[in-house]
Amino acid sequence: MDNIRGASLMVLAMLGFALEDMFIKLLADAISVGQILAMLGLGGSIIFGAVVLLQGRPLFSANMIALPIALRAVGEMVGTICFVSAIVLTPLSSASAILQATPLVVTLGAALFLGEPVGWRRWSAIMTGLVGVLVIIRPGLENFQVLSLLAVAAVFCLALRDLATRRTPAEISTMQLSFLGFLVIVPAGLLLMGAQGTPMVILRGWDWVYICTALGIGVCAYYAIVAAMRVGEVSFVTPFRYTRLLFALIAGVFVFGERPDALTLIGAAVIVASGIYTVWRERRIGVIP
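Residues numbered from 1 in each chain as written. Predicted model: local features only at pLDDT ≥ 70, side-chain atom pairs only at ≥ 80, totals over all residues. Heavy atoms only, no water.

(A) Spatial organisation of the overall build of the protein chain. Each helix and strand in the protein chain was counted, giving 13 helices and zero strands. The order of helices and strands in the protein chain, counted from the N terminus, is α-α-α-α-α-α-α-α-α-α-α-α-α. On C-alpha atoms alone, the protein chain measures out to a radius of gyration of 19 Å, which is about the 19 Å that the 2.2 N^0.38 rule sets for 289 residues. Seen through its principal axes, the protein chain has C-alpha atoms that stretch 50 × 50 × 35 Å. Looking at the protein chain as a whole, 51% of its 289 residues are labelled buried. In the protein chain, the proportion of contacts linking residues at least 24 apart, taken out of those at least 6 apart, comes to 86%. On the protein chain, roughly 13600 Å² of surface is accessible, and the fraction owed to carbon and sulfur atoms is 71%. When the 18 positive and 14 negative side-chain charges of the protein chain are each reduced to one mean point, those points stand 7 Å apart. (Helix = DSSP H or I, 4+ residues; strand = E, 2+ residues; numbered from the N terminus. Rg over C-alpha atoms; globule rule 2.2 N^0.38 Å. Buried < 20%, exposed > 50% of the residue type's maximum accessible area, 1.4 Å probe, protein only. Contact = heavy atoms within 4.5 Å. Areas by Shrake-Rupley, 256 points an atom, 1.4 Å probe, with all protein chains shown as cover. Lys, Arg positive; Asp, Glu negative; His and termini not counted. Charge placed at Lys NZ, Arg CZ, Asp CG, Glu CD.)

Next up, the structure:
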């Protein structure tokens, strides 16, 4: 029963993240990516900051001055800029499909930099998943979009964030890390606005609905994913992360009129299958509980 609850929470979380992406893409018609990031970062840091204070913890502490925290911040900043830019400038369905390779890159990074054992079967799954990414972006072919590389960059940066999280001081709570994660997005957004020369725009009407809905759904989705990982077994719950791709495909088709071609769908299927196999293999050899 706990696994079913955990899986349900994970599916709801992925639905929330897909809806958040959809509202961000809708909002991009009115304001710049930099302003979107700055506003979401400010709203999220206020919400998680309030939770941290209610828990009786400090917003900042001396043990936050550490290399893993710095690396996590860099991965969060650059990864978020790249992924939000990708969903704004490229089809939502293809950007979301590429993002599903992040767990594979985390496993790759854990083997290369953290010394975690990875056998030939998981190496094969990782390589197969990366081939799936190449199938989607199709470098060198006629319909290659250079902007799709933004989603690829997001995968590696967000993997850096996740790897750095594994080495953060144990005394720093999940809520404190979430507060810091949202906080660093604020200067990232402002710097992007400055670099692109885009002015701050006053939101009107539906723009406020989009930004507030994206923020509210994003925060609720975060809570749901944390609860999912605590309620159910990691190996059972984790594969349901890939439902985000299904929801993104539905939003892409029915809201933005996207028509993913056969190669995009094949590449996405390869990535998802590789990711699920990696989770199953890690469970079998006892890497995850």
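Having seen the model, we can carry on.
(B) How the structure looks around the pattern of salt bridges. Counting across every chain of the model gives six salt bridges. A salt bridge links Glu-116 to Arg-166; the shortest N-O distance between them is 2.9 Å. Placement of Glu-116 in the loop between helix H5 (102-113) and helix H6 (120-137) and of Arg-166 in the loop between helix H7 (149-165) and helix H8 (174-183) is noted, with a sequence separation of 50 residues between them. Residue Asp-261 pairs with Arg-138 through a salt bridge whose shortest N-O separation is 2.7 Å. Taken together, the residues Asp-261 in the loop between helix H12 (243-254) and helix H13 (262-285) and Arg-138 in the loop between H6 and H7 connect sequence positions 123 residues apart. For Asp-261, a relative accessible area of 31% puts it in the partly exposed group. (Salt bridge = Lys/Arg side-chain N within 4 Å of Asp/Glu carboxyl O.)

(C) Highlighting H5. Between its first and last C-alpha atoms H5 spans 16 Å; for twelve residues at 1.5 Å apiece the expected length is 16 Å, and the two agree. Across the twelve residues that make up H5, a large majority, nine, are buried. Listing the buried residues of H5 in full gives Thr-102, Leu-104, Val-105, Val-106, Thr-107, Leu-108, Gly-109, Ala-110 and Ala-111. Once H5 ends, the next one or two residues include Gly-115, with phi positive near 70°. (Expected span 1.5 Å × (residues − 1).)

(D) Geometry of the side chain of Thr-102. Turning to its location among the elements, Thr-102 is positioned in helix H5. The contacts of Thr-102, once residues within four sequence positions are left out, are Val-155, Leu-158, Ala-159 and Asp-162.

(E) Summary view of a nonpolar patch on the surface. Residues Leu-67, Leu-71, Val-74, Val-78 and Leu-160 make up a contiguous nonpolar surface patch of roughly 390 Å² in combined accessible area. With four residues, helix H3 (residues 67-89) is the largest single contributor of residues to the nonpolar patch. For Val-74, the position within the fold is in helix H3. (Patch = residues over 30% accessible without salt bridge, like charges linked within 9 Å, V, L, I, M, F, W, Y side chains within 5 Å.)

Keep in mind these values describe shape, not function.
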